[in-house]
Every structure is written in structure tokens, then in C-alpha cells.
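# Summary of structural features
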Amino acid sequence: MLIDRKPIARSSVSTPATYLDIFTDLRKFYGKLPDAQVLGLTARDFSTTVEGGRCPECKGRGELSLSMKFLADSRTICPVCQGARYKPEILQVEYRGLNISGVLDLTIDQVL
């Protein structure tokens with residue numbers, strides 16, 4: 001079975017991390033890192049569901065939906081965040097060389 005960052009629930013910003021209820025802990029962890037503290041960031045800023053750290057263009061989805069009227073909607077990677085879902089200042093905060101977007105891209109084997 002393959003699990004990736006594509007939405008798995010009704011919300012377009014849901015991920016396996018939100019579904020497994022580990023995203024809250026991940027956001028809290030990144031919010032407590034020294035770089036986050038220096039930038040004045042909190043766990044809330046690492047959320048993709050509220051304004052703050054999420055990309056303002058795609059609203060934390062990482063992609064834009066283009067309405068095609070008589071055809072199926074088309075999806076394209078967000079030109080602002082390049083699919084990362086966050087503002088650049090959020091992506092500056094790293095742990096072991098990975099920002100929160102990079103962690104969400106990891107496989108379970110890579111996390112372990």
C-alpha cells in the first residue's frame with residue numbers, strides 16, 4: 001500500500017499525518033525549535049488549515065484547482081510555494097536538515 005501527501009479525507013489539506021493524529025505533535029515540535037522561537041513562530045504557524053504560516057496563494061493545499069467549465073477541473077502545483085504548502089519563513093525552520101514540508105514528504109521507512 002502506498003501512502004503519500006494527497007488528501008485522504010474530505011479536507012483538501014488533510015494528509016496521512018493529520019489522519020493518524022501526529023500532525024499536531026509535529027507542529028508543536030517545530031514551534032518549539034530555536035529557529036522558530038527566534039522568528040516568533042508558534043505551533044499554529046505550522047498549520048495548513050489557518051492563516052499564518054500557510055501559503056496565501058494555495059491556502060496550504062500545495063496546488064491550485066483550475067476550473068475548466070465544461071471539462072474536469074485541472075490541478076497545478078502552486079507557483080508561489082512550489083507545492084510546499086508554507087510561506088518561505090516557515091520553511092526556514094529545520095530539524096536535522098528537514099523543514100516541516102520535507103518531513104511530510106518522508107516515507108514511513110525514512111521516518112523510522
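Residues numbered from 1 in each chain as written. Predicted model: local features only at pLDDT ≥ 70, side-chain atom pairs only at ≥ 80, totals over all residues. Heavy atoms only, no water.

## Quick notes on the nonpolar core
The biggest cluster of nonpolar side chains holds 15 residues, and the ones touching the most others in it are F23, Y30, F46, Y86, V93 and I100. Every element with two or more residues in this core is listed here: α2 (23–32), α4 (88–91) and α5 (100–104). A per-element tally of this core places α2 first, with three residues. The contacts of Y30, once residues within four sequence positions are left out, are A36, F46, V93, E94, Y95, L98, N99, I100 and V103. Ranked by size, the runner-up nonpolar core spans five residues in total, among them C55, C58, C78 and C81. (Core = buried A, V, L, I, M, F, W, Y, C linked by side-chain atoms within 4.5 Å. Buried < 20%, exposed > 50% of the residue type's maximum accessible area, 1.4 Å probe, protein only. Helix = DSSP H or I, 4+ residues; strand = E, 2+ residues; numbered from the N terminus. Contact = heavy atoms within 4.5 Å.)

## A short note on the pattern of salt bridges
Taken as a whole and judged by the stated rule, the model has one salt bridge. Residues E63 and R75 are paired through a salt bridge, measuring 3.3 Å at the closest nitrogen-oxygen approach. Here E63 is found in strand β1 (residues 63–66), whereas its partner R75 is found in strand β2 (residues 74–77), with 12 residues between them in sequence. (Salt bridge = Lys/Arg side-chain N within 4 Å of Asp/Glu carboxyl O.)

## Side note on a nonpolar patch on the surface
Where nonpolar side chains cluster on the molecular surface, the patch consists of L66, M68 and L71 and spans about 280 Å² of accessible area. By the element assignment, M68 lies in the loop between β1 and β2. (Patch = residues over 30% accessible without salt bridge, like charges linked within 9 Å, V, L, I, M, F, W, Y side chains within 5 Å. Areas by Shrake-Rupley, 256 points an atom, 1.4 Å probe, with all protein chains shown as cover.)

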